[in-house]
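As a plain string of letters, each chain reads:
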Amino acid sequence: MAPTPSASGAWPRWRAATSCRYDLDSGVFIYAKAGFGDYVGFNSAIGFWASAVCGNAFYWGVHHRDTRRFFPAFGDGATVLAVAVSTIGVWLFHYLVARGVHDAAVINRIVTVLKILPILVFIVVLFVAFDAGVFSANWIATGCGDLGSLHEQVRNTTIITTFVFIGIEGASVCSRYARRRQDVGRATVLGFLSVLSIFALVTLPRYAVLPQPEIAGTRQPSMIGLFESVVGGWGRWFVRAAVIVSALGAYLAWTLMAAEAMYIPARNEDLPAFLAKENDKKTPITALVVTSLAIQGLLAATLVLTDALNLMLDLSTGLALIPYFLAAAYALKLGLTGESYENVDARTRRKETIFAGIATAYTVFLFEAAGLKFLLLCTVILAPATLLYVKARSERGRRLFAVTEMALGVLIVAAGITGVVGLWAGFITL
């Protein structure tokens, strides 16, 4: 529901200070729909959902890669045994979420604590072992070999960093559960600052423990080798156990997010009505089933894909860029047109427009950093998904496409066909 003026005719103080569209909930993808139409909003939603699905397949790979230290038969996470165990896990988590969002959220809070504590231990230990000489040498990067140009280093780093920050929009995606609309924005800002702080505290101290070439030579996740080099052999098992718990906890949270990313557009009539069905626990059960089946399909695909783990990570990041770019572009559009700024002073509007412009430019840079290959692979997913949009429009008796939407649809389908042909011909390799 949109915010309304008070009895005196004045907007609430929290509303007048900014142009934020508090009347828009339903996740980060709703901004694409509000700014650029139904079909663009649909692609934003599908992109976010597919990103979550690829991310969940990646989490299973991470889990098995570390579990293989206890059970070598798991291999690199792409063995028949690993996929079989993942399958059991997918449907166990499916059952847990289907029992109700509240129960899953309680478990997620417990797992979050179990994830954070090992990270804090890692940070404290590395700060105690801080070696200023090693840090200085790594900062200058002398004797570390060819690390590439600064542009290449930034380009390669931004993709991984983007994946780290995927999820800070979770409060927006699950905003229908918020008691107060203001809490959504606050949770987003606090989530971003928390992740940024942890990311910096985990990343920087490691360069004061080992020389860069040794860090580069450690197996992923590098936390294992770094922690073991400081505390001894037990550190290896400590971090491995923490990574396993963290991956499973992240999977639970993202299963909730992925189901929500399908349910909300269906409720808003942008996806077929069957995806808006809930069970008696108020869980979006059909969207959850489709999500679990999609994850299952990707896990099966890892048996034939080369370097499947990195592919899932890159696809997850590339697909997430679609709703991110469109949300930033919508904010820029609001600033340039003045829409929703009627009760905001000009200085605030200029400041927010500049920020929106920077965000839009940065997401364009991220697309370039990801590369054309992954953009084409994203359209391989978006193109067939357009059938869901056609079904949703048809069952509600709406016009399928406007002229500009038809042009965009043709472009996406053409890019998707190009991606499929590229995979078949071999000029796009996975």
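What comes next is a walk through the structure. Quantities reported herein were computed from a predicted structural model and do not represent experimental measurements. (Residues numbered from 1 in each chain as written. Predicted model: local features only at pLDDT ≥ 70, side-chain atom pairs only at ≥ 80, totals over all residues. Heavy atoms only, no water.)

Some thoughts on the side chain of Arg393
How we decide: Secondary structure counts use DSSP, requiring at least four H or I residues in a row for a helix and at least two E residues in a row for a strand, with both numbered from the N terminus. Categorising residues by exposure relies on relative accessible area from a 1.4 Å probe, with only protein chains included: less than 20% of the type maximum marks a residue as buried, more than 50% marks it as exposed, and the intermediate range marks it as partly exposed. In protein, a polar contact means a hydrogen-donor-capable atom and an acceptor-capable atom, both N or O and within 3.5 Å, with residues adjacent in sequence counting only if both atoms are side-chain atoms; elsewhere, any N or O pair within 3.5 Å suffices. Pairs of residues are marked as contacts when any of their non-hydrogen atoms sit within 4.5 Å.
As for its position among the elements, Arg393 is in helix α16 (residues 372-395). You can call Arg393 buried: its relative accessible area is 9%. Here Arg399 takes part through its backbone oxygen, which lies 3.0 Å from a polar atom of the side chain of Arg393. Leave out the neighbours within four places in its chain, and Arg393 touches Asp38, Arg398, Arg399 and Leu400.

Some remarks on the environment of Leu313
Positionally, Leu313 belongs in helix α14 (residues 308-337). Distance from Leu313 to Phe58, taken between C-alpha atoms, is 6.1 Å for residues 255 residues apart in sequence. Setting aside residues no more than four positions away along its own chain, Leu313 makes contact with Phe58, Ile160 and Phe163.

Notes on the packing of α14 against α16
Applied cut-off: Interaxial angles span 0 to 180 degrees and are taken between N-to-C directions of axes, which are lines fitted to C-alpha atoms, for helices over the stretch in contact. The scheme is simple: roughly parallel for angles under 35 degrees, roughly antiparallel for over 145, roughly perpendicular for 65 to 115, oblique for anything else. Just so you know the grouping, Ala, Val, Leu, Ile, Met, Phe, Trp, Tyr, Cys and Pro go in nonpolar, Asp, Glu, Lys and Arg go in charged, and all remaining residues, Gly too, go in polar.
As a packed pair, α14 and α16 sit with axes 9 Å apart at the nearest point and diverge in direction by 75 degrees. One way to sum up the angle between α14 and α16 is to call them roughly perpendicular. The residues of α16 that touch α14, namely those facing Leu311, Asp314, Leu315, Gly318, Leu319 and Ile322, are Phe374, Leu377, Cys378, Ile381 and Leu382. Residue classes in the contact of α14 with α16 are distributed as 9 nonpolar, 1 polar and 1 charged.

What to know about the packing of α16 against helix α17 (residues 403-425)
Definition in use: Should the near helix be turned counterclockwise from the far one by less than a right angle, the crossing is left-handed, whereas a clockwise turn marks it as right-handed.
Relative to each other, α16 and α17 sit at 130 degrees, their axes nearing to 7 Å. One element, α16, and the other, α17, form an angle in the oblique class. α17 is crossed by α16, and the crossing has left-handed handedness. Contacts between α16 and α17 involve Leu376, Leu377, Thr379, Val380, Leu382, Ala383 and Tyr389 from the former and Glu405, Ile412, Val413, Ala415, Gly416, Thr418, Gly419, Val420 and Leu423 from the latter. Residues that form the contact of α16 with α17 fall into these classes: 11 nonpolar, 4 polar and 1 charged.

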